Amino acid sequence: MNTRRALVVRGGWEGHDPVGCTELFVPRLERAGFGVTVAEDLAVYEDAELLAATDLVVHSWSGGELTPLQEATLVRAVEAGTGFAGWHGGVIGTNVANAGYLRMVGGRFLWHPEGFQDFTVRIARSPDRDGEIVAGVEDYDVHTEHYWVLSDGLNTVLATSVLAPSEGQWDEPVEFPVVWTRRWGAGKVFVCTLGHRVANLEVEQTATIVGRGLEWAAR
């Protein structure tokens with residue numbers, strides 16, 4: 001039986017601790033039977049042969065920007081079946097000038113209130129599909145950055161949160177996706193907006209959802 005291959009691409013802004021956060025999930029992937037390779041240079045996305053042989057890409061690179069070649073090679077690989085997954089700014093607070101990447105991922109971070117907030121992650125009760133990622137998880141409270149994101153209707157939303165008005169900018173609560181899945185060509189995409197630091201990903205429910213999401217996204 002061939003071992004599935006996972007590629008962890010990490011770097012960028014150190015405030016999101018890309019090394020510490022990705023190291024939380026490398027052992028889980030290895031226990032699930034993946035051979036894990038770690039890259040700390042976005043140039044790895046220029047290697048079409050490597051990406052074609054990769055079953056899962058875990059992207060954790062906040063504030064990055066892909067070259068046209070890197071973006072095109074990565075997106076083509078996902079369209080051909082390579083899974084893609086990530087969390088927080090490492091996946092939706094990055095590559096903001098790369099429209100092809102953002103279309104593939106299905107969302108973009110725009111803003112969060114200053115500091116950490118207390119809010120509730122609301123689990124979708126009857127998602128259209130992919131509910132196994134959140135099965136058995138109940139609504140739970142977190143204390144972390146509360147992301148305001150743009151997203152689109154191709155996403156299957158598995159969890160949401162409600163951002164209350166502040167500073168007079170808007171006058172009623174707004175519900176935003178926290179966890180979603182997506183198909184892009186033959187590939188599957190998993191995104192979680194939580195995960196500012198290691199402690200946020202160590203929350204039992206979040207760790208469960210992200211761990212399952214990584215395995216789900218893999219080819």
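Small disclaimer: the values here were computed from a predicted structure and weren't measured.

Rules behind the numbers
- Within each chain, residues carry numbers counting from 1 in the order of the written sequence.
- At least 70 in pLDDT is required for a residue's local features to be given in this predicted model, at least 80 for side-chain atom pairs to be given and counted, and no such filter applies to totals for whole chains, interfaces and linings, which use all residues.
- Values shown for side chains rest on all heavy atoms present in the structure; no hydrogens or waters enter the calculation.
- For patches, a residue must show more than 30% relative accessible area and have no salt bridge; joins then use 9 Å for like charges and 5 Å for nonpolar side chains, namely Val, Leu, Ile, Met, Phe, Trp and Tyr.
- Computed with a 1.4 Å probe, the accessible areas rest on the Shrake-Rupley method; for each residue, only the protein chains presented here act as cover.
- Definition used for salt bridges: Asp or Glu carboxyl oxygen within 4 Å of a side-chain nitrogen of Lys or Arg.
- Charge counting follows a simple rule: Lys and Arg are positive, Asp and Glu are negative, and His as well as the terminal groups are ignored.
- Throughout, a charge is located at the NZ atom of Lys, the CZ atom of Arg, the CG atom of Asp or the CD atom of Glu.
- Secondary structure follows DSSP: runs of H or I at least 4 residues long count as helices, runs of E at least 2 residues long count as strands, and numbering of each begins at the N terminus.
- With a 1 Å grid laid over protein atoms only, a set of points is called a cavity when a 1.4 Å probe fits there but cannot get out and a pocket when it is open yet has protein on both sides within 12 Å along at least five of seven lines; lining residues have an atom within 4 Å of a point.
- Grid points are joined across faces, edges and corners, and a volume is the space filled by probe spheres set on the points.
- All residues other than Ala, Val, Leu, Ile, Met, Phe, Trp, Tyr, Cys, Pro, Asp, Glu, Lys and Arg, Gly among them, are scored as polar; the first ten of these are nonpolar and the last four charged.
- To get an axis, fit a line to the C-alpha atoms, keeping to the stretch in contact for a helix; angles then go from 0 to 180 degrees between the N-to-C directions.
- Each angle receives one of four descriptions, namely roughly parallel if under 35 degrees, roughly antiparallel if over 145, roughly perpendicular if within 65 to 115, and oblique otherwise.
- By convention the crossing between two helices is left-handed if the near helix lies anticlockwise of the far one by an angle smaller than a right angle, and right-handed if it lies clockwise.
- Residue contacts are defined here by distance: any two heavy atoms, one from each residue, within 4.5 Å place the two residues in contact.

## So, a negative patch on the surface
Part 1: Taken together, the side chains of D41, E46, D47 and E49 define an acidic patch exposed on the protein surface.
Part 2: Within the fold, E46 resides in the loop between β2 (34-39) and α2 (48-52).

## Thoughts on empty space enclosed by the protein
Rolled over the atoms, a probe sized like a water molecule indicates the empty space that remains.
Part 1: A full pass over the atoms with the stated rule returns two cavities of 30 Å³ or more.
Part 2: Put simply, the largest cavity is a space of about 60 Å³.
Part 3: Lining the largest cavity, in full, are G11, W13, H16, D17, P18, C21, S60, S62, W87, H88, G90 and G195.
Part 4: Of all the elements in the fold, those that place two or more residues in the lining of the largest cavity are α1 (18-31) and β3 (56-62).
Part 5: Lining the second largest cavity are F119, E145, H146, Y147, S161, P177, V178, T193 and L194.
Part 6: Looking at the lining of the second largest cavity residue by residue, the classes come out as five nonpolar, three polar and one charged.

## Details of the packing of α1 against helix α7 (residues 204-217)
Part 1: As a packed pair, α1 and α7 sit with axes 10 Å apart at the nearest point and diverge in direction by 50 degrees. Between α1 and α7, the interaxial angle falls into the category oblique. Of the two elements, α1 crosses α7, and the hand of that crossing is right-handed. On the side of α1, the interface is formed by F25, R28 and L29, while α7 contributes A207, T208, V210, G211, R212, L214 and E215.

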